[in-house]
Amino acid sequence: PYLQGFDTYPFYDLRLSVLQRAASELVHNGPALLEKSPYELQEKEKEELQESLGYLAGKCQELNDLKFPFSIDHGDLRPGNIRITERGYIFYDWAWSTVTHPFFSLAGFLHIMRRAIKEHELIVLRDEYLYQWQELGSAGDLKNMFGLVEKLQDLYNAVLDSIWLENIMEVLDGQGADRIFPDAWALERRQYYFAKVLRRLIL
């Protein structure tokens, strides 16, 4: 998923057209990655997932039609990956960084921080971030766009998790890059988290 129309290397390409296509692929690929695991989806869940992914694919198109510029997203922005030094901020762990809609950075960070800070503080952070984009839309338009991104956040995470899980499976099968060295425990751990995010996609 690195190359889709132009070279996004070394970042994963999760622009909205790619995310929309990935939503369709997850209908089959998602449950397949959990087969014969303790977290396998039931038939009813698969049907519900298919319906939800169709809905989310439509939201990808709706957001893409707004023609907002893409940017680099860290992919795992959390306090543990940020250091404040005398020379400024340092951001660690760019392994899952992407080219995508810039509001995914905000949505992911606020989701992680939701239990650490108060609701009104989350709103202040959101509005301050959106204010930086004021030249490209009104406050109301930007908030509505962020609302669409929030609906797609779990899909974004599920796609990245599916790539990670596929990489682990390839290496365990004797294929794929030798820069990672997973074991059966790593596989089950990733399946556990992948199953959680897939089930969150079911509306």
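Within any chain, residue numbers begin from 1 and follow the written order of that chain's sequence. Per-residue local features are limited, in this predicted model, to residues with pLDDT of at least 70; the limit for side-chain atom pairs, both in listing and counting, is 80 or more; totals at the level of whole chains, interfaces and linings are taken over all residues. Values reported for side chains reflect all heavy atoms of the structure, with hydrogen atoms and water molecules removed beforehand.

Peer 1: Account for the overall build of the chain, with residues named and values stated.
Peer 2: In terms of regular secondary structure, the chain is built from six helices and five strands. Runs of H or I in DSSP of at least four residues are treated as helices and runs of E of at least two as strands, each being numbered from the N terminus. Secondary structure of the chain in N-to-C order comes out as β-α-α-β-β-β-β-α-α-α-α. For this measure, only C-alpha atoms enter the radius of gyration; the expected value for a globule follows 2.2 Å times N^0.38, where N is the number of residues. Taken over C-alpha atoms, the radius of gyration comes to 18 Å for the chain, in line with the 17 Å a tight globule of 203 residues would show. Summarising its shape, the C-alpha atoms of the chain cover approximately 50 × 45 × 40 Å along the three principal directions. Relative accessibility under 20% of the residue-type maximum defines a buried residue, over 50% an exposed one, and the middle range a partly exposed one, all with a 1.4 Å probe and only protein chains included. Out of the 203 residues belonging to the chain, those deemed buried represent 40%.

Peer 1: Can you explain the environment of tyrosine 12? Please cite residues and give values.
Peer 2: Tracing the backbone shows tyrosine 12 in strand E1 (residues 12-13). A C-alpha to C-alpha distance of 18 Å links tyrosine 12 and phenylalanine 194, two positions 182 residues apart in sequence.

Peer 1: Which residues make up the pattern of salt bridges, and what values go with them?
Peer 2: For this analysis, a salt bridge means a side-chain nitrogen from Lys or Arg found within 4 Å of a carboxyl oxygen belonging to Asp or Glu. All told, the structure shown has nine salt bridges when counted by the stated rule. Between aspartate 154 and arginine 200 there is a salt bridge, with its nearest N and O atoms 3.0 Å apart. Here aspartate 154 is found in helix H5 (residues 139-172), whereas its partner arginine 200 is found in helix H6 (residues 184-201), with 46 residues between them in sequence. Note that aspartate 161 is salt-bridged to arginine 190, the shortest N-O span being 3.4 Å. Note that aspartate 161 is positioned in helix H5 and arginine 190 in helix H6, a separation of 29 residues in sequence. Residue class for aspartate 161 comes out buried when judged on its relative accessible area of 15%.

Peer 1: Can you lay out the nonpolar core for me, pointing to particular residues and giving the numbers?
Peer 2: Among buried residues, those of type Ala, Val, Leu, Ile, Met, Phe, Trp, Tyr and Cys that are joined through side-chain atoms within 4.5 Å constitute a nonpolar core. One finds Phe103, Leu155 and Phe194 to be the most contacted residues of the largest nonpolar core, which totals 53 residues. At the level of secondary structure, the elements contributing two or more residues to this core comprise helix H1 (16-32), helix H2 (43-64), helix H3 (103-113), helix H4 (119-131), H5 and H6. Among the elements that take part in this core, H5 stands out by supplying 14 residues, more than any other.

Peer 1: Tell me about the sheet that holds strand E5 (residues 98-100), residues and numbers included.
Peer 2: Paired strands, in this sense, are two strands between which DSSP finds at least two bridges. Spatially, the three strands line up as an open sheet ordered E1-E5-E2, and their pairing is mixed. Edge strands, defined here as strands with exactly one partner in the open sheet, are E1 and strand E2 (71-73). Across three bridges, the pairing between E2 and E5 is antiparallel. Bridge assignment links aspartate 73 to a residue of E5, and that residue is threonine 98.

Peer 1: Give a description of the layout of surface pockets that names residues and reports values.
Peer 2: The pocket and cavity definitions rest on a 1 Å grid over protein atoms only: a 1.4 Å probe that fits but cannot leave marks a cavity, an open set with protein on both sides within 12 Å along at least five of seven lines marks a pocket, and residues lining either have an atom within 4 Å of a point. Grid points are joined across faces, edges and corners, and a volume is the space filled by probe spheres set on the points. Roughly 780 Å³ of internal volume is contained in the largest pocket. Taken together, 28 residues make up the lining of the largest pocket; nearest its centre are Asp76, Arg78, Ile112, Asn157 and Asp161. If you list the elements that add at least two residues to the lining of the largest pocket, you get H3, H5 and H6. As a working rule, the residues Ala, Val, Leu, Ile, Met, Phe, Trp, Tyr, Cys and Pro are called nonpolar, Asp, Glu, Lys and Arg charged, and the rest polar, with Gly in that last group. When the residues that make up the lining of the largest pocket are grouped by side-chain class, the tally is eleven nonpolar, six polar and eleven charged. Estimated volume of the second largest pocket: approximately 340 Å³. Elements supplying a minimum of two residues to the lining of the second largest pocket: E2, H3 and H4. Among the elements that line the lining of the second largest pocket, the one with the most residues is H3, at four residues. Here the residues of the lining of the second largest pocket are counted per class, giving ten nonpolar, two polar and two charged.

Honestly, it's all geometry; don't read function into it.
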